[in-house]
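Next come the chains, spelled out residue by residue.
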Amino acid sequence: MGVTMMKWILICSIWLAVFVEAQELDFSALRAIAVQKDGRKKPLDTVANETAQRLTGRRKDAMELLLNLWLQARDWRAMPVVLLTHRELKQQLGMPVEQKYFTHEQLAAPALEAIVDRASRKDSHARNGVEREALALAQRMHTLAELARADSLAIVPHSTDGKGAWEPIPDSGPLKERLDAVRAAFLKRDSPALLALSGELDAALRAVSPSLYPSRESLAREVHYNQFHPFRKAEWLYVLAFVLLLASWPARNRAGYWAAVALFAAGVLLHAYGFYLRTMISGRPPITNMYESVVWVSFGAALFALVLEMIFRSRFCLAAVAPIAAVMLLLADMFPAVLDPGIGPLVPVLRSNFWLAVHVPAVTLGYSAFAVAMALGHVTLAYYVFKPAAQETIDRLEHFIYRAMQAGVLLLAAGSILGGIWAHYAWGRFWGWDPKETWSLISLLSYVIPLHGRLIGWLRGFGLSVASVLCFLTVLMAWYGVNFILGKGLHAYGFGTGGTPYVAAFVLLELGITAVAVYKKVKS
Amino acid sequence: MGVLWHGAASPVINLRQTAKLLGSLKLAVALLSIVTAVLIAATFYESHTTTAAVTAHVYRTWWFNALLGAIGVNLATAAVLRWPWKRHQVGFIVTHAGLILILGGCSASFHFGTEGLMGLRVGEPPSNTVQLEERALIVMSPEVTRQTLRVDRRGNVHPHKVSLPGGLQLTLDEFHANASSETVAREGATEWSPAVQIRLHSTMAAHDARQWLFAGSRSAANISLVVAADAAHLSRLTNAPPAGAVKEVRLVVALQDRRLDVPMRGNVEKDLTVPGTDLTVRVLNYWPDFRMNEKHEIVNASDEPNNPVAMLSLTRGESAERWFVFGNPQMRPLPREQRGTPIGAELQLLAPVQQAQMTLVALDGSSGLFFAAQNKDGFKSGPVTPGQTLELGWMDARMTVERFLTNAVPGKEVVRLPDGAEQPQPALRVTVSDGKTSSSEWLLFGQPVVLRSAGKPMHLMFGWDSMPLPFTVALEDFVVERDEGNHNVAGWMSKVRFADAVTGAEKRADVWMNHPAVFKGYKFSQASWNPQDLQYTVLQVKKDPLWVIVLTWGGSGLTIIGIGLMFYARRWV
């Protein structure tokens, strides 16, 4: 009896402890404190999110984590926050395979050091999966140790120079006292005091250099962008619109249709709003890296689908594109290691706003149009396989594909040619057979060839549908492959690694779908 | 078959048929498919080799350009054949015209444009010399002659023969696209002139190479050959050096004539005073074996004083400074922070000799060879004969003396390296003849060579061709902009001044990435800069004839408008 009682008390106290720990503190004043990090000034909230993302692979409880480290509220070596999912590496390190988060103490062992040492002596492409993961893990541990220092965050503004280096809070003085007060409130988990004291700290920091401190408005905007997740909301709206559209399809329900269109349009608006926020935060045009290009192509595809839908009212355009737009947003959200959502300072070669504002959006909108054609192509091929008798529907779908391809050809040609004119002006040559240029030409040609073939009669509706799916693979190569697979050329600022197995799987899937459709068509 | 037969019977129909084929959609689809396949292969080839290789083997070949030319012909014929044009064909005609103009403009830019590079340094006088991207053979004496060269795909040089003033003939015999020169010695001098061939081998460093040493030369591994003038000199060189060098790392701080000289050991994080002054020195941090790891973090590799570095703080009255000082005598102290008036102290970190040295000594006029080795194991010396192997004192490195020549003549041997390197160094072999005698020499790109012809020296260089501009350019300043709060480079900018001495026209301009400056039709773009030398910049100079620019830009506009018309304005035109 006594033992059971004791057990209950123990369980209850653990629950209580968990509850107290989990009680939400009001970080709103702290979030908007400016930090100078990685070449720009950003709110503490962004630093927290980036840190949490880097360490734990997600953004949950980011402020808690950052404050625990920065204010040294807990022993950072004993915090189970370092993400490690690679099974083989866990086995080699002798760690429990089912565990996902580890402490620095657990990981800082000779076994990891030996692997890291071996890996760092190899060329980057000669490393195996375990070694790459070990290096990433070491980087995470390094980030953790770096942040767990009192001087890790530069939050005291430079007094005179707008581009000067900011300082951490000094070891003594009024700023230190204010920070200590914030720390005490955080440790006591006193939410009202934390809010009030961090407000005071913010005011004191702002008073150091009022004219150079970022405006409250801009900091609040970035915090809002972090908290609001416009792209994730757009993604959900596309999914909802898709579901509603399918549900209302059999009965040809008008109200359902218009509700779906409204949801989809709201998604497009949120999508645009997200780009507006990013542009305002970074102060530059919206597409400068792979992450932004994926989100942008998704946006363009959704926009084109909406326009086509408004012209033709066929349901097909929305139904085909909504899942693709949502999947692209999902990918952008799911793989931050490959598609980095961080807003960093621009690399020198891109520091020309005209170039960025015209050439890149045009090319990527071309990709969007081709994505729409590809989505419609899937639906058409599905009709050929499952409902080859519905010739009228197939004809309509093929007309949409043709329209989408036209828009893509115009945009990609215009974007590439504008890039050429810009290169002629800036680099002294119109065309230099740079791999990115060459592949944009290849994908353009791969669409131009079937469009011409159609004029001779070598290709009809079915051929166009197959082309819309297959030619998108060249777009994928121009977009992803040049930067991630070829890795050569002048457009080097967009290079990266990762995601190759997923892309390969997608390519195989597309080839498979086409093969099945062609087989069916030939047989009939 | 029937068509061909008819064509043969009637030349007019034949022409018509041929044109129809040339301008046919079928040919267009076929050509575009071939080009697409070639381009796909080319990009993968580039990814596995180099940009230089794919340029040489695909993009600049006759067949590839012929393919592009065929597309041009197809485009043009297709447009012409549809004459008289109908209203609905406007989009098609405009697009095809635009594409032809772009193709023409690009190839014209390639053939008619002037393109070169200009290196400028802050503070140097204005320059008007543009280095062209073409090779030339420059003969500097007896009279400056410049001959622009062209090398064809088989490696033949055009022109093959060049006549020089004074009845001399230059023959350009052989060209290597990528070569390197090795210095070799041959017996044959009339006077005593020593040369030693050594073989340096280390299993741990995966190194095994032969090389010739001449008097006064030093190899990468600190191996040198010196000449002893007489027996006394020889004994000085082969005896242990006087114990003057420091045995442990010492810090020396001098202010005017006052001097602090203390061992590093035991003085880290202590306040030291330069005697007789109010200058306080504190060693904030000390790394006996300073290294940077791949994350650019400072680490201490060992406790051996292999590369000692210290961080010092100096305070004197209101002034405070922080410095990095280095045991490596080639590195000057580096300021980290300076407040108040500069203190002006002289800082030195004296370190014991760590680098192993191997000196071979040849006694003047004799065939005697000796060695003197100074390394971590101490000092060793003695006579050495060919075939003998000596320890070098680092890792498992050993040196074998292979040959010793007393009357050596240095010569060059040019070896051919595989093609496709990113930065190949070409070489050209030339023969000078005056009708009776002739002599040959390899010229490595960019390296001047003296050739003797009929007893007279003749300076030759195989290098970039250059061209004077009708005005001068000077670099007034070079600005490197960095990201706020860190040292990542955010951008760089050359502030230049153009001046035309004839018209007196002057213009100041800023040139940076994607932002060229234009003066008198010449365009100056930021090409490169040197992070180690922030006073220097390289600008790309380009001049396209105006009609080329009109062709390309006009063609671009027409193409975009044409596609738009074709797809979206059929109803209206």
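Each value, and the rule that gives it
- In this numbering scheme, every chain counts its residues from 1 along its sequence in written order.
- Written order decides the labels, with chains lettered from A and ligands numbered from 1.
- Local features are withheld for residues below a pLDDT of 70 in this predicted model, meaning they are given only at 70 or higher, and side-chain atom pairs are given and counted only at 80 or more; totals for whole chains, interfaces and linings count all residues.
- Where helices and strands are cited, they refer to DSSP runs of H or I of at least four residues and of E of at least two residues respectively, numbered from the N terminus.
- Residue burial here comes from a neighbour count, namely the number of other C-beta atoms, placed from the backbone, that lie within 10 Å of the residue's own C-beta, with 20 or more meaning buried, 12 or fewer meaning exposed, and in between meaning partly exposed.
- For every residue pair, C-beta atoms are placed from the backbone, and the pair is scored as a contact if these atoms sit within 7 Å.
- By the convention used here, strands pair only if DSSP detects at least 2 bridges between them.
- Axis angles are defined between N-to-C directions and span 0 to 180 degrees, where every axis is a line fitted to C-alpha atoms and, for a helix, only to the segment in contact.
- Polarity classes work like this: nonpolar for Ala, Val, Leu, Ile, Met, Phe, Trp, Tyr, Cys and Pro, charged for Asp, Glu, Lys and Arg, and polar for all others, with Gly in that last group.
- Domain boundaries shown here were taken from an automatic or database domain assignment.
- One number per residue, pLDDT, summarises how confident the predictor is, and it ranges from 0 to 100.
- Each angle receives one of four descriptions, namely roughly parallel if under 35 degrees, roughly antiparallel if over 145, roughly perpendicular if within 65 to 115, and oblique otherwise.
- Note on convention: the crossing is left-handed when the near helix lies turned anticlockwise from the far helix by less than a right angle, right-handed when the turn is clockwise.
- Here the expected length of a helix is defined as 1.5 Å per residue gap, with one fewer gap than residues.
- Note on terminology: a nonpolar core is a set of buried residues of type Ala, Val, Leu, Ile, Met, Phe, Trp, Tyr or Cys, with members joined through C-beta atoms within 7 Å.

Asker: So, the overall build of chain B: which residues are in play, and what are the values?
Answerer: A count of helical and extended segments in chain B gives 8 helices and 36 strands. With the principal axes as the frame, chain B shows a C-alpha extent of 105 × 70 × 55 Å. For chain B, buried positions account for 23% of its 573 residues. Expressed as a percentage of contacts within chain B between residues at least 6 apart in sequence, the contacts between residues at least 24 apart total 53%.

Asker: If you had to explain the overall build of chain A to someone new, which residues and values would you point to?
Answerer: Counting its regular elements, chain A contains 20 helices and 4 strands. If you line up chain A on its principal axes, its C-alpha atoms span 80 × 75 × 55 Å. Of all 524 residues assigned to chain A, the portion counted as buried reaches 41%. Partitioning the intrachain contacts of chain A with sequence separation of at least 6 by distance along the chain shows that 69% fall at a separation of at least 24.

Asker: So, the sheet that holds strand β11 (residues 223-228) of chain B: which residues are in play, and what are the values?
Answerer: Residues and elements named next belong to chain B. Spatially, β11-β22-β23-β24 is the arrangement adopted by the 4 strands of the open sheet, whose pairing is mixed. The open sheet has two free edges, formed respectively by β11 and β24 (378-383), since each of these has just one partner strand. Strand-to-strand twist in this sheet, taken as the mean axis angle between neighbours without regard to direction, amounts to 20°.

Asker: Residue-level account of the interface of chain A and chain B, with values.
Answerer: Tallying the contact residues gives 46 residues for chain A and 44 residues for chain B. Within the residue set of the side of chain A that touches chain B, elements represented by two or more residues are α17 (391-427) and α18 (435-456) of chain A. With 13 residues, α18(A) is the largest single contributor of residues to the side of chain A that touches chain B. For the side of chain A that touches chain B, the residue count by class is 29 nonpolar, 13 polar and 4 charged.

Asker: Which residues make up the environment of A:Met79, and what are the values?
Answerer: Residue and element names in this part refer to chain A. Within the element layout of this structure, Met79 appears in the loop between α4 (62-70) and β3 (82-83). Judged by C-beta crowding, with 20 C-beta atoms within 10 Å, Met79 ranks as buried. Counting along the chain gives 308 residues from Met79 to Lys387, while the straight-line C-alpha distance between them is 58 Å. Those residues within four positions of Met79 in sequence are excluded, and the remaining contacts are Asn68, Arg74 and Thr103.

Asker: Give a description of the sheet that holds strand β14 (residues 271-273) of chain B that names residues and reports values.
Answerer: Residue and element names in this part refer to chain B. The strand order β14-β15-β18-β19-β20 describes an open sheet built from 5 strands, whose pairing is antiparallel. Looking at the sheet topology across the chains shown, the edges are occupied by β14 and β20 (334-339). This sheet shows a mean twist of 25° between the axes of neighbouring strands, independent of strand direction. Taken together, the 3 bridges between β14 and strand β15 (residues 280-287) define a ladder with antiparallel strand orientation.

Asker: Run through the domain arrangement of chain B, naming residues and quoting values.
Answerer: Parsing chain B into structural domains produces domain 1 (2-113 + 549-568), domain 2 (114-129 + 467-545), domain 3 (151-181 + 415-460), domain 4 (182-243 + 355-410) and domain 5 (250-350). When each unit is reduced to the centre of its C-alpha atoms, the spacing between domain 1 of chain B and domain 5 of chain B is 69 Å.

Asker: Would you mind going over the confidence of the model for chain A in detail, with residue names and values included?
Answerer: Residue and element names in this part refer to chain A. Averaged over every residue, the pLDDT of chain A is 87; residues scoring 70 or more account for 91%. Between the elements of chain A, mean pLDDT differs from a low of 54, seen in helix α1 (residues 2-22), to a high of 95, seen in helix α12 (residues 230-248). In the model, residues 16-20 has pLDDT below 50 throughout and makes 1 contact with residues more than four positions away in sequence or in other chains.

Asker: How would you explain the domain arrangement of chain A if you had to name every residue and give the values?
Answerer: Interface size is commonly expressed as the accessible surface area that is lost when the partners come together. Residue and element names in this part refer to chain A. We note that the domain assignment places domain 1 (22-212) and domain 2 (229-523) within chain A. A C-alpha centroid distance of 37 Å is found between domain 1 and domain 2. At the junction of the two partners, domain 1 supplies 5 residues and domain 2 supplies 4 residues. The class makeup of the residues in the side of domain 1 that touches domain 2 is no nonpolar, 2 polar and 3 charged.

Asker: Outline the packing of helix α14 (residues 290-312) of chain A against helix α15 (residues 316-334) of chain A, listing residues and values.
Answerer: Residues and elements named next belong to chain A. Axis separation between α14 and α15 bottoms out at 9 Å; the angle between their running directions is 165°. One element, α14, and the other, α15, form an angle in the roughly antiparallel class. In this structure, α14 meets α15 at a crossing whose hand is left-handed. Where α14 abuts α15, its residues Tyr291, Val294, Val295, Val297, Ser298, Ala301, Ala302, Ala305, Leu308, Glu309 and Phe312 lie against Cys317, Leu318, Val321, Ile324, Ala325, Met328, Leu329, Leu331 and Ala332. Grouping the amino acids of the contact of α14 with α15 by side-chain chemistry returns 18 nonpolar, 1 polar and 1 charged.

Asker: Kindly report on unusual backbone geometry, identifying the contributing residues and their values.
Answerer: Between B:Trp83 and B:Pro84 the backbone carries a cis peptide bond, its omega angle lying at -5°. Mapped onto the fold, B:Pro84 is located in the loop between α5 (62-81) and α6 (90-112). Look at A:Asp38: it is not a glycine, yet its phi comes out positive at around 50°. Residue position: A:Asp38 is located in the loop between β1 (34-37) and β2 (40-43). Overall, the presence of 17 C-beta atoms within 10 Å leaves A:Asp38 in the partly exposed class.

Asker: With reference to specific residues and values, describe the packing of α6(B) against helix α8 (residues 546-568) of chain B.
Answerer: Residues and elements named next belong to chain B. Interhelical geometry of α6 versus α8 gives an angle of 155° and a closest axis separation of 7 Å. Classified by the angle between their axes, α6 and α8 sit roughly antiparallel to one another. Note on packing geometry: the crossing formed by α6 with α8 is left-handed. A class-by-class count of the residues in the contact of α6 with α8 yields 17 nonpolar, 12 polar and no charged.

Asker: How would you sum up the pairing of strand β36 (residues 533-543) of chain B? Please name residues and give values.
Answerer: All names here are of chain B. The sheet contact formed by strand β1 (residues 114-121) and β36 spans 8 bridges and is antiparallel. Counted as the bridge partner of Glu115 is Lys542 from β36. Here strand β35 (residues 522-530) pairs with β36 via 7 bridges, running antiparallel. Paired with Trp529 across the bridge in β36 is Thr537. The hairpin formed by β35 and β36 contains 2 residues between the paired strands.

Asker: Before we move on, can you summarise helix α3 (residues 44-56) of chain A with the specific residues and values?
Answerer: Given 3.6 residues per turn, any residue in an α-helix points the same way as the ones three and four places further on. Residues and elements named next belong to chain A. Helix length check: α3 (13 residues) gives 18 Å between terminal C-alpha atoms against 18 Å at 1.5 Å per residue, within 8%. Of all 13 residues in α3, 11 are buried, a share of seventy percent or more. Once α3 finishes, Gly57 follows within two positions and takes phi at roughly 80°, a positive value.

Asker: Describe the confidence of the model for chain B, and please don't skip the residues or the numbers.
Answerer: Model confidence for chain B is summarised by a mean pLDDT of 83, while 91% of its residues fall at 70 or above. In the predicted structure, residues 1-8 of chain B sits below a pLDDT of 50 and forms 6 contacts with residues beyond four places in sequence or in another chain.

Asker: Describe in detail the nonpolar core, supporting the description with residues and values.
Answerer: All names here are of chain A. One finds Ala241, Val321, Val372 and Leu376 to be the most contacted residues of the largest nonpolar core, which totals 122 residues. The element contributing the most residues to this core is helix α16 (residues 353-386), with 17 residues. Those residues in contact with Val372 that lie beyond four places of it in its chain are Ala301, Phe304, Ala305, Val321 and Ala404. Among the nonpolar cores identified, the runner-up in size contains 44 residues, and Val82, Leu89, Phe102 and Leu205 belong to it.

Asker: Residues and numbers for the environment of B:Leu539, please.
Answerer: Residues and elements named next belong to chain B. Turning to its location among the elements, Leu539 is positioned in strand β36. For the pair formed by Leu539 and Met358, sequence separation is 181 residues and the distance between their alpha carbons is 44 Å. Residues contacting Leu539, with those up to four places away along its chain left out, are Met118, Leu120, Ser494, Val511, Phe524, Ser525, Gln526 and Ala527.

Asker: An account of the environment of B:Gln89 is needed here, citing residue identities and associated values.
Answerer: Turning to its location among the elements, B:Gln89 is positioned in the loop between α5 and α6. Residue classification places B:Gln89 among the partly exposed residues on the basis of 17 C-beta atoms within 10 Å.

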